[in-house]
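# Structural overview
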Amino acid sequence: MTNADLFTLFRNITIFLATIMLAKYFIFLLLAAFFPVREQLRRRRVLKRELRQHGFISEFTPRVSVIIPAWNEEVGILKTIRSVLNNDYQDVEILVINDGSTDRSRELVEAFIEESHQYDQASGSLRQYYIPNGGKGAALNYGIKESSGDIILTIDAD
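Model, not experiment: these values are computed from the prediction.

Right, let's talk about helix α3 (residues 77–85) for a bit. The set of residues buried in α3 consists of I77, L78, T80, I81, V84 and L85. For α3, the buried positions fall inside an angular range of 160° around the axis, keeping them on one side. Of the surrounding secondary structure, the elements contacted by the buried residues of α3 are β1 (64–70), β2 (92–99), α4 (105–115) and β3 (126–131).

Dropping the structure here:
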């Protein structure tokens, strides 16, 4: 075989494989339009099964704990807290873990908690903890120990 024959063979194989990939992506694009229908049918099936088994449909609303580790985050910590508080889900607890900050972030969060009457401290929806500087991992581990949620989310303070 000459170099020209090898090049032609390689080119033809490449074109064949590229055609197969394009056909696969085209089929995926066509089928993607039916995914919401499939999900709706799955939800109905699950609801019917729950109704058959229990006689009622229970609503699953787990408590969600959002852990915000913060170290010298006075610039954006309040904006982060407000963005978490402005969600539609009701059963959310927010834990701000201040990791030994040397700026005013601790005081800002404390003032925000005190002046925010809509976030009841008795329900524990917004709490701040101060720990000595041990790094982000230590702050997250402390937050996980203090959280009471079924689902735990972590978000950076900036």
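Right, let's get into the packing of aromatic side chains. Throughout the structure, instances matching the rule amount to one aromatic pair. With 5.6 Å between their ring centres and 70° between their planes, Y129 and Y142 make a pair best called edge-to-face. Residue Y129 is located in strand β3, and its partner Y142 is located in helix α5 (residues 136–146); the two are separated by 13 residues in the primary sequence. Residue placement shows R106 over the ring face of Y130; its charged tip is 4.0 Å from the ring centre.

Pairing within the open sheet is parallel, and its four strands lie in the order β3-β2-β1-β4. Taken across any chain shown, the strands that pair with only one partner, and hence form the sheet edges, are β3 and β4 (151–154). Strand-to-strand twist across the sheet, computed as the mean angle between neighbouring axes with direction ignored, equals 20°. In this structure, β2 lies alongside β3, joined through six bridges in parallel fashion. In the sheet register, V96 faces β3, and the bridge partner there is Q128. Across the sheet, α4 is in contact with β2 and β3; its angle to β3 comes to roughly 155°.

Cut-offs applied
Residues numbered from 1 in each chain as written. Predicted model: local features only at pLDDT ≥ 70, side-chain atom pairs only at ≥ 80, totals over all residues. Heavy atoms only, no water. Buried < 20%, exposed > 50% of the residue type's maximum accessible area, 1.4 Å probe, protein only. Helix = DSSP H or I, 4+ residues; strand = E, 2+ residues; numbered from the N terminus. Arc of directions from axis to C-beta. Contact = heavy atoms within 4.5 Å. Phe/Tyr/Trp six-rings, centres within 6.5 Å; stacked < 30°, edge-to-face > 60°. Lys NZ or Arg CZ within 6 Å of the ring centre and 35° of its normal. Pairing = 2+ DSSP bridges. Axes fitted to C-alpha atoms, helices over the stretch in contact; angles between N-to-C directions.

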